[in-house]
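# Tertiary structure, described
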Amino acid sequence: MFGLDPALGRDRPLRVACLGAHADDIEIGAGGTVLRLLRERPRVQATVAVLSGDSVRAAEATASAAAFWAGAESLEVHVMSYQDGFFPQQDREIKEWARATLEPVRPHLVLTHRRDDAHQDHRAVAELSWQTFRGARLAEYEVPKWDGDLDRPNAYVALDAETVGRKLALLAEHFPSQHGRGWYDDETFRGLARLRGVEAGARYAEAFHCAKVVW
C-alpha cells in the first residue's frame, strides 16, 4: 500500500502521520484506509494533527481519532486553534509549530490534503506536509465539496462494505456539529467510495494522489 518499504517487516512498528485542516477532514478522506491499515498491520504508531477548531470541534476531533485508531500501538493527537480560512496568513507560525512537533515523528506514511485542493487551508496543510516530512511516503486524500474540485487520483485503497459502513457510522457518531450541512451525509461519502471502487476494480475504495513513486 503506497509503496511502503517491504524491508519494514510486520513485526516492526509502522509510523503514520495524518494531517487535516479541520476536525473531520482526515476521517472523510482516509477513514476507511485507517480502519483497513489497523486491521492488517499488528503494530501501528499514529500521530494525528488537526490544525483548526473551537472547543466543540476539538472535542469531536479527539474522540473521533480515538475511535478510528482504536487498536493502534500508540496514538498522539494534536488539535490546534489556527484560524479557519486564514492558514496562508499564518504560515510562519504553523511551520514553526510543525517543525517542533511533527518533524521528529519521522513517519513512514503521511496522509494529508491535496496540494491542488480548492480550499486554501487544505492547500496550506498539503504544502506543510511536503516541507515537514521529506523522504516519507505522502498520500493526498480527497474531500468532496461545493467547489467541485475532485480530480483524477492515481492510487486507491480497496474497501469492503463492512469497512465503509464502519467509517460512515463513526463519522455520524463523532461529528454531530456537521449534521446540518447539506452535503454531509452517508449518500455523499458512500457514493464517492462506490465511484472510486469502480475505478479501482473493487466495490468501494478511497482514492489518493501520490506525486512520487519509488520503484
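How each quantity is defined
Residues numbered from 1 in each chain as written. Predicted model: local features only at pLDDT ≥ 70, side-chain atom pairs only at ≥ 80, totals over all residues. Heavy atoms only, no water. Salt bridge = Lys/Arg side-chain N within 4 Å of Asp/Glu carboxyl O. Helix = DSSP H or I, 4+ residues; strand = E, 2+ residues; numbered from the N terminus. Buried < 20%, exposed > 50% of the residue type's maximum accessible area, 1.4 Å probe, protein only. Pairing = 2+ DSSP bridges. Axes fitted to C-alpha atoms, helices over the stretch in contact; angles between N-to-C directions. Contact = heavy atoms within 4.5 Å. Polar contact = N/O pair within 3.5 Å; in protein donor to acceptor, adjacent residues only side chain to side chain.

Glancing now at the pattern of salt bridges. In the structure shown here, the tally under the stated rule is 14 salt bridges. A salt bridge links glutamate 96 to arginine 92, with the nearest nitrogen and oxygen atoms 3.3 Å apart. Remark: arginine 92 and glutamate 96 occur in helix α3 (residues 91-101); sequence separation between them is four residues, near one turn of the helix. On the basis of relative accessible area, glutamate 96 is assigned to the partly exposed category, the value being 46%. Its salt-bridge partner being arginine 114, residue aspartate 149 comes within 3.9 Å of it at the nearest N-O pair. Of the two residues, aspartate 149 sits in the loop between β5 (137-141) and β6 (155-159) while arginine 114 sits in the loop between β4 (109-112) and α4 (120-132), which places them 35 residues apart along the sequence. The class for aspartate 149 is buried, based on a relative accessible area of 12%. Within this structure, Arg114, Asp116, Asp117, Lys145 and Asp149 form a network of salt bridges that share partners.

What follows concerns the sheet that holds β4. Spatially, seven strands are ordered β3-β2-β1-β4-β5-β7-β6 in an open sheet, and the strand pairing comes out mixed. This sheet does not close on itself; its edge strands, each paired only once, are β3 (74-79) and β6. With direction set aside, neighbouring strand axes in the sheet form an average angle of 25 degrees. Judged from the five bridges that link them, β6 and strand β7 (residues 204-209) form a sheet pairing that is antiparallel. Counterpart to leucine 159 in the pairing with β7 is tyrosine 204. Across the face of the sheet, helix α6 (residues 186-200) comes into contact with β6 and β7 while running at roughly 80 degrees to β7.

For the rest of this paragraph, the subject is the environment of glutamate 40. Looking at the secondary structure, you find glutamate 40 in helix α1 (residues 25-40). Among the polar contacts listed, one links the side chain of glutamate 40 to the side chain of arginine 36, at a separation of 2.7 Å.

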